[in-house]
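For reference, the chains in residue letters:
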Amino acid sequence: MVDILFFGGTIITVDENFNQPEAVLVRDGKIFQVGFLSDLDAEFNSTGIRINLAGRCLLPGFIDAHSHPLWAAKTRGAPVVDVRAETVPTYAALLAKVKRRVAVAKPGEYLLFFGLDAQLHPDMEMPTREVLDEIAPNNPIGIQTSNCHALFMNSAGFNVCGIDEHFETPTGSIIERDANGRPTGKIEEAITWRALETFYTAWGDDRLSDEFKVSINDLIQNGITTVTEHLYMPFYKAYYLSALKKRLPLPRIAAYQQATTADMTVENMSVGEDRLWMAGVKIHADGSPFIGNIWLTQPYLQSEITLEKMHLKPGHTGSTNYPQEYFEKMVYTYFEAGWQMTVHTQGDRTIDMVLDLIEELLKKNPRRDHRFRLEHCALMRTDQVERAHQLGVLCSFFINHITHWGAPIEDALFGPERAAHYMPAGSAAKEGMRISLHADTPMTDPSALQLMQAATTRLAGDGRCLGPEECIDIETALRSVTIDAAYQIGMEEKLGSITPGKHADLVILDTNPLLSAPASLTAINVEATYLAGEQVWPKLNVS
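Rules used throughout
- Within every chain, residues take consecutive numbers counted from 1 along the sequence as written.
- Where local features are concerned, this predicted model is filtered to residues with pLDDT of at least 70; where side-chain atom pairs are given and counted, the filter is 80 or more; whole-chain, interface and lining totals use all residues.
- Excluded from the side-chain calculation are hydrogens and water; included are all heavy atoms of the structure.
- In this entry, domain limits derive from an automatic or database-based domain assignment.
- Nonpolar cores were defined as sets of buried Ala, Val, Leu, Ile, Met, Phe, Trp, Tyr and Cys residues, with membership established by side-chain atoms within 4.5 Å.
- Note on classification: 1.4 Å probe, protein chains only; a residue is buried when its accessible area is under 20% of the maximum for its type, exposed when over 50%, partly exposed between these limits.
- Going along the chain from the N terminus, every DSSP run of H or I of four or more residues is numbered as a helix, and every run of E of two or more is numbered as a strand.
- Multiplying 1.5 Å by the residue count of a helix minus one yields the expected span of that helix.
- By definition, a residue's bend is the angle between the axes fitted to the seven residues ending there and the seven starting there.
- Salt bridges are defined as contacts in which a side-chain nitrogen from Lys or Arg sits within 4 Å of a carboxyl oxygen from Asp or Glu.
- By this definition, two strands are paired if DSSP reports at least two bridges between them.
- Aromatic contacts are taken between Phe, Tyr and Trp rings whose centres are within 6.5 Å, Trp giving its six-membered ring; a plane angle under 30 degrees counts as stacked, one over 60 as edge-to-face, and the others as tilted.
- Whether a charge sits over a ring depends on NZ of Lys or CZ of Arg being within 6 Å of the ring centre and within 35 degrees of the ring normal.
- In this analysis an axis means a line fitted to C-alpha atoms, helices contributing only their contacting stretch, and an angle means the value between N-to-C directions, from 0 to 180 degrees.
- For this analysis, residues touch if any pair of their heavy atoms sits within 4.5 Å.
- Sulfur atoms of two cysteines make up a disulfide when they are within 2.5 Å.

All right, on to the domain arrangement of the protein then. For the protein, the assigned domains read domain 1 (1-60 + 497-543) and domain 2 (70-203). Placing a centre on the C-alpha atoms of domain 1 and another on those of domain 2 gives a separation of 45 Å.

Given below as structure tokens:
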């Protein structure tokens, strides 16, 4: 690999002091030196590449601390049909699109639709088994919610998935049934992802490989050079190894293996030079605010959306995914094995339960640098933020909830008071916590700049601001998608800043985000992405 010398623009290191040197010298895929151009010119190998930034901005590559690159490839792209509200704005239009697809389907062809949304499809009704049977009597059909936690199927779908009245519901899953035990159409949580694999497998590996390339390119084009696979399963490894063998521009992958039992095997995996590694174990303590299966101290509002579209009863406060003893056994098992733990927590009562467990766990098994993570943290209270920080617990916020679902969060689900502190990134930052932000792709599209804009403005789709006191400044937002995200995945010594010795994962922007108005961050263009010193997007010289 040749030397690369970057100069002639703004260089934001995101190191401890946010230094802005004149130049950066890359050698053998690593940051070699940072400093004055004259000094680095003396070290530069004349056979190398000089890149004049021409006033543009060089930063460390972005890190999405909670995502699902391979799962996104499964969920998005043909033959999955996109029915999200942003592309199909009404439920009536959604059903019409489903019917058009069924009309041209071959008998027995597996059909899957992604994006049903009780909050954003204003005329939504539950697509029951009977409704879907009438639409598609000859094809297995599934309609997945945009939050990814639930799936609606017809009889043919249940048949190919092997789910009937005699099927025992796995712990951590929900199968809605009638009085005779027959599934009525809706399933939730782990059984959803298990059923979806039946559809994905039917389409073959070629389809997944093609869509995986699209998923990879989406990340790289947005300047994301490191990402987690937060629903990792052992059979995923082959796809990642194949991508690396083909020299696809695969971002670095920190894998968090999904646990639904306390007896799974977790491979202590490390591939290449920090290209794919097992970072920890992930457990879903509860589900999605947009389905109603999170555990709350205060009930959901009584609204048309909660009562008629989500089918929640008045006073609904939800529940956790697992019986408490079962959940605690999983956490104890993998924590004691030395793994970093990441726990999906949305409801405040769930967070109380998890923090109680962590406190007890650390008393029995002290670990100085455990970096226990709470994922998403939607209804986290201020007192819980303080307690989490005291315990050394980190929070990764799914801040795009505000952008995409802010209006129904405030008006239909939780009311103004709770909405003002929904995803409380500001409170966590003020407490001194090193937070991260994430897009949770495929639930929302990958973009670090979008995450930064959402966290610094907290603007919902209709323009309202949900809790301005929870906004963070742009510098904190930038840290949350670079060095602090690296810290959360245990890689702050190798990633997240332009520091000598670290991997030369870099992004060039056309505008300095630190000088941009928060509401205009998404207008910034990603002009080039480098991974280990190699320009992986676009495949052109940017000088």
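In this structure, Phe327 and Phe372 are the most contacted members of the largest nonpolar core, which totals 155 residues. Two domains share this core, each providing at least three of its residues, namely domain 1 (1-60 + 497-543) and domain 2 (70-203). Counting 15 residues, the second largest nonpolar core, distinct from the first, contains Val26, Ile31, Ile498 and Ile508.

Next up on the list: helix 13 (residues 400-419). Between its terminal C-alpha atoms helix 13 stretches only 13 Å, short of the 28 Å expected from 20 residues at 1.5 Å a residue. Largest kink in helix 13: about 110°, centred on Leu413, with the proline Pro416 one to four residues after it. The buried fraction of helix 13 is high, at 16 of 20 residues.

A complete count under the given rule lists 30 salt bridges for this structure. Asp274 is paired through a salt bridge with Lys494; the nearest N and O atoms lie 3.2 Å apart. A residue pair is termed long-range when its members are at least 10 positions apart, and Asp274 in the loop between strand 16 (270-271) and strand 17 (276-284) and Lys494 in the loop between helix 17 (483-488) and strand 22 (506-509) qualify at 220 residues. Its relative accessible area of 14% is what places Asp274 among the buried residues.

What follows covers the environment of Glu125. Structurally, Glu125 is set in the loop between strand 9 (111-116) and helix 4 (129-135). Put simply, Glu125 and Tyr91 are 34 residues apart on the chain and 7.4 Å apart in space, counted from C-alpha to C-alpha.

Time to look at the sheet that holds strand 24 (residues 534-537). If you walk across this open sheet you meet the five strands as 2-6-22-23-24, and the pairing is mixed. At either end of the open sheet lies a strand with only one pairing partner, and these are strand 2 (10-11) and strand 24. For strand 6 (residues 57-60) and strand 22, the ladder comprises four bridges, and the chain directions are antiparallel. Within strand 22, the residue paired with Cys57 across the bridge is Leu509.

Now for the environment of Asn180. When you line up the elements, Asn180 lands in the loop between strand 12 (173-177) and strand 13 (183-189). Separated by 50 residues in sequence, Asn180 and Glu130 have C-alpha atoms that sit 16 Å apart.

Here we take up the pairing of strand 4 (residues 30-35). With five bridges joining them, strand 3 (residues 23-27) and strand 4 adopt antiparallel strand pairing. Bridging from a neighbouring strand, Arg27 pairs with Lys30 of strand 4. Two successive antiparallel strands, strand 3 and strand 4, enclose a turn made up of two residues, where Asp28 displays a positive phi of approximately 55°.

Let's shift gears to the packing of aromatic side chains. In this description, a pair of aromatic rings is defined by centroid distance and the angle of the planes. Counted by the stated rule, this structure contains eleven aromatic pairs. Between Phe212 and Tyr240, the ring centres sit 5.3 Å apart and the planes meet at 80°, which makes this aromatic pair edge-to-face. With Phe212 in helix 7 (residues 205-221) and Tyr240 in helix 8 (residues 237-245), this pair connects stretches of sequence that are 28 residues apart. Grouping residues by exposure puts Phe212 and Tyr240 together as buried. In textbook terms, an aromatic cluster arises when at least three aromatic residues are bridged by ring pairs, as seen for Tyr232, Phe235 and Tyr236. Stacked on the ring of Tyr487, the Lys or Arg Arg371 has its end atom at 3.9 Å from the ring centre. Stacked on the ring of Tyr256, the Lys or Arg Arg373 has its end atom at 5.6 Å from the ring centre.

Let us now look at the sheet that holds strand 5 (residues 49-52). Two modes of strand pairing occur in sheets, parallel and antiparallel, and in both the strands are linked by backbone hydrogen bonds. Here four strands make up an open sheet; going across it, the order is 4-3-1-5 and the pairing mixed. Lying at the two open borders of the sheet, with one neighbouring strand each, are strand 4 and strand 5. Direction aside, neighbouring strands of the sheet carry axes that sit 20° apart on average. Relative to strand 5, strand 1 (residues 4-7) runs parallel, the two being bridged by four bridges. Each residue of the ladder has a partner; that of Ile4, found in strand 5, is Ile49.

Residue placement: Thr345 occurs in strand 18 (residues 340-345). Those residues within four positions of Thr345 in sequence are excluded, and the remaining contacts are Ala285, Asp286, Thr350, Ile351, Val354, Leu374, Glu375, His376, Cys377 and Ala378.

So, about helix 11 (residues 348-364). Each full turn of the α-helix corresponds to 3.6 residues, which orients residues three or four apart in the same direction. With 17 residues, helix 11 should reach 24 Å at 1.5 Å per residue; the first-to-last C-alpha distance of 24 Å fits that figure. For helix 11, the complete set of buried residues consists of Asp348, Thr350, Ile351, Met353, Val354, Leu355, Leu357, Ile358, Leu361 and Leu362. Contacts from the buried residues of helix 11 go to helix 10 (324-336), strand 18, strand 19 (373-376) and helix 12 (382-390).

The subject of this paragraph is the state of the cysteines. Put plainly, a disulfide is one covalent bond tying together the sulfur atoms of two cysteines. Scanning the entire structure with this criterion turns up zero disulfides. Lacking any disulfide linkage, Cys148 is separated from the closest cysteine sulfur, that of Cys161, by 17 Å. The structure places no disulfide on Cys395, whose sulfur is separated from the nearest cysteine sulfur, that of Cys377, by 4.0 Å. For Cys395, a relative accessible area of 0% gives the class buried.

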